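# Fold and geometry: a report
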Amino acid sequence: MNSYEQNLMFKIAWSYFMENKTQQEISEMYNISRAKIMKFLSEAKEQKIIQFKISPNASNFISLEQKIKTKYSLKDIFITPSNTTDINETIAKAAAMFIQENLSENDFLNIGFGDTISKIVKNISFEGNSSVSLISLTGGVNYYLSSLDGFNRKKPDLYIIPCPFSLSSEELAIQLFNESSVSEILKMSKFAKMTAIGIGAISQQDTIVKDKKLTSSEILLLKNKGAVGDILGYFFDKDGNEIEDDFSKKIISTHFSSLKNLDNIIAVAGGEHKYKAIEAALKTNIIDILFTDENTAIYLAKD
């Protein structure tokens, strides 16, 4: 049983035994069948998570989740172990399983760019949902095609904004935003069932910096303005307020404020270098569901 399933089993056990919810109520909460709920409850008993009460470790885990959900007004949060060789891979696999469980025929899934998002796409099996479509939220064809590299299974329909992520001038960006091939895909994103995004930090480990989309002077200027992270190339300070900068004016990306109008925003990010960026991103009130690692969750839950 992987970390996502273990996490879900704890939640189902807690809801059933501690909150006295019915299996039907739990089925509606997590959008899974009653048969799966019974299977998880049975597994929880076998693992001795369910005795006469939820085991202390599971209880602490649930309490941590509840504290973060309340603090940041989240619909849900899923926490994976931090003691793994690749935190991004572990978080991505958990998010991929959640997304796959909740996708139906003909659904749209919006996707951002970056290493973790690419790993999510690579870990989703589209065999059972052959009509699912992926919609890009930004320019940068290479970000999205790389997500599907090496697929040995059926690929989903992919609608990519056909232009680079960052351009040479604000004027050119405005011009491309008005092109029908770009605007039509941006309009499609409004009908997505879920939206998966990463949270960037201004560090050498993040995609925008690694890909040299930002110059050294732009990085320094952003830090001087108080930037701690970005979502889809739009930067924010420690309080989640958007920062005006020249870089963001030259990108083809779904605007920061537009995300508030989309359903089920799933943010996937973890690691010590992203603590402040994730904390600030949660203050934007854009994110509905967070996938992160345990150490990051402990940091987020602190008073």
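Presented here is an overview of the structure given in this document. (Residues numbered from 1 in each chain as written. Predicted model: local features only at pLDDT ≥ 70, side-chain atom pairs only at ≥ 80, totals over all residues. Heavy atoms only, no water.)

## Notes on the sheet that holds strand 8 (residues 234-236)
The strands making up a sheet associate through backbone hydrogen bonding, with each pair oriented either parallel or antiparallel. Rule in force here: Two strands form a pair only when DSSP identifies at least two bridges running between them. Secondary structure elements are taken from DSSP: a helix is a run of H or I of four residues or more, a strand is a run of E of two residues or more, and numbering for both begins at the N terminus.
Strand order in the open sheet formed by three strands is 6-7-8, and the pairing between neighbours is antiparallel. Strands with a single pairing partner mark the edges of an open sheet, and in this sheet they are strand 6 (200-201) and strand 8.

## A few points about the sheet that holds strand 1 (residues 76-80)
What counts, and what does not: Here an angle of 0 to 180 degrees is reported between the N-to-C directions of two axes, which are lines fitted to C-alpha atoms, with helices fitted over the stretch in contact.
Reading across the sheet, the seven strands line up as 1-10-9-5-2-3-4 and stay open at both edges, with parallel pairing between neighbours. Strand pairing shows two members of the sheet lacking a second neighbour, strand 1 and strand 4 (157-159), which therefore form its edges. Sheet twist, expressed as the mean angle between neighbouring strand axes with direction ignored, is 20°. As paired elements, strand 9 (residues 265-268) and strand 10 (residues 289-293) share three bridges and run parallel to each other.

## Observations concerning unusual backbone geometry
Despite not being glycine, Leu232 shows a phi value in the positive range, around 60°. Relative to the helices and strands, Leu232 resides in the loop between strand 7 (229-231) and strand 8. Within the chain, Asn285 stands out as a residue other than glycine whose phi angle is a positive 65°. Relative to the assigned elements, Asn285 resides in the loop between helix 12 (275-282) and strand 10.

## Focus on the environment of Asn241
Stated precisely, the cut-off is as follows: Residue exposure (1.4 Å probe, protein chains only): buried if accessible area is under 20% of the type maximum, exposed if over 50%, otherwise partly exposed. A contact between two residues is defined here by any heavy atoms of the two lying within 4.5 Å.
With respect to the secondary-structure elements, Asn241 resides in the loop between strand 8 and strand 9. With relative accessibility at 43%, the residue Asn241 sits in the partly exposed group. A C-alpha to C-alpha distance of 21 Å links Asn241 and Asp303, two positions 62 residues apart in sequence. Those residues in contact with Asn241 that lie beyond four places of it in its chain are Phe235 and Phe236.

## Some details on the environment of Asn83
Residue position: Asn83 is located in the loop between strand 1 and helix 5 (87-102). Between the alpha carbons of Asn83 and Ile265 there is a distance of 26 Å; along the sequence they are 182 residues apart.

## Some words on the nonpolar core
Most often, soluble globular proteins have nonpolar side chains that are buried together. We apply this condition: Grouping buried Ala, Val, Leu, Ile, Met, Phe, Trp, Tyr and Cys residues that are joined through side-chain atoms within 4.5 Å yields what is termed a nonpolar core.
Core analysis: the largest hydrophobic core is formed by 92 residues, its most contacted members being Ile12, Ile68, Phe98, Ile99, Ile120, Ile199 and Phe291. Not counting residues up to four positions away in its chain, the partners in contact with Ile12 are Ile26, Tyr30, Ile32, Ile37, Phe40 and Leu41. Membership of the second largest hydrophobic core comes to nine residues, among which are Ile135, Ile161, Val182 and Ile252.

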